[in-house]
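Letter by letter, the chains look like this.
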Amino acid sequence: MNPEPSLLRRVVFASALYDFFVTIPFATPWTADAVLAGIRSVHHALDLGGEPLPVFTSTHLFFVALFGTIVTLWSVVRLVQPTAFNGAVDTAGRALFSTWMAWSLTQGATRVLVVFLVLELAWMFAQGGAILGARRWRGGIPATAR
C-alpha cells in the first residue's frame, strides 16, 4: 500500500485551508482595509523595522481585493481537488510569493512580512516534501528499492 498519496492529499488540503482563512479577509476592499489597518497597528505597537503600511487608496484596495479573491478561489480549488498537480502548482506559487516577500523585506517593507514569509516557506517545504515523497513510491514499493 502506498501511504504517500493520502499524506500528499492531506498536506495539499491543509495548505489550502490555511490559504482560505488567511486570504478571505483580503477578498473585499472593506475587509482588506480593516486587515491592513491591523497590520499597521501591529507594526507600530511592536515598533518593528521597515516602513509601516501606508493608508491605502481605493486603487490599492482594488488590487489587494483582486489578490485576495484569486487566492481565495485557488484555495477552494485545492480544497475540492487536493491533487498532486494542484499541490505542485501551489508549491511553485509559494516559491514565487516567498521571493517577492523576501525582495520587499530587502527594500524596507514592514517586518510584519516576516511572519507571512515564514509560513509561506513552511507550507512550500511541507507540500514540496510530500510531493517528492509521493514520487518515490511506485506500485506500493519505494522507487528507490527497484
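This report concerns the structure included in the present document. Sequence order sets the numbering: in each chain, residues are counted from 1 along the sequence as written. Residues qualify for local features only when their pLDDT is at least 70, as the model is predicted, and side-chain atom pairs are given and counted only at 80 or more; totals for whole chains, interfaces and linings, by contrast, use all residues. Hydrogens and water molecules were not included; the side-chain quantities draw on all heavy atoms of the structure.

## With respect to the packing of aromatic side chains
- A pair of Phe, Tyr and Trp rings is counted when the ring centres sit within 6.5 Å of each other, with Trp represented by its six-membered ring. The angle between the planes then sorts it: under 30 degrees is stacked, over 60 is edge-to-face, the rest tilted. Taken as a whole and assessed by the stated rule, the structure comprises five aromatic pairs.
- Centroid distance Phe62 to Phe63: 4.9 Å. Interplanar angle 70 degrees. Geometry classified as edge-to-face.
- Summary of the burial criterion: residues with accessible area below 20% of their type's maximum are buried, those above 50% are exposed, and those between are partly exposed, where the area comes from a 1.4 Å probe applied to protein chains only. Given the relative accessible area of 46%, Phe62 is considered partly exposed.
- One aromatic cluster is present, built from ring pairs that chain together Phe26, Phe67 and Phe97.

## Description of helix α5 (residues 113-135)
- With 23 residues, α5 ought to run about 33 Å at 1.5 Å a step, and its terminal C-alpha atoms sit 33 Å apart, in line with that.
- Residues of α5 that are buried: Leu117, Glu120, Trp123, Met124, Gln127, Gly128, Ala130, Ile131, Gly133 and Ala134. Elements are defined by DSSP. Helices are runs of H or I of four residues or more, strands are runs of E of two residues or more, and each kind is numbered from the N terminus. Expected helix span is taken as 1.5 Å per residue step, with the number of steps being one fewer than the number of residues.

Distances and angles like these do not, on their own, reveal function.
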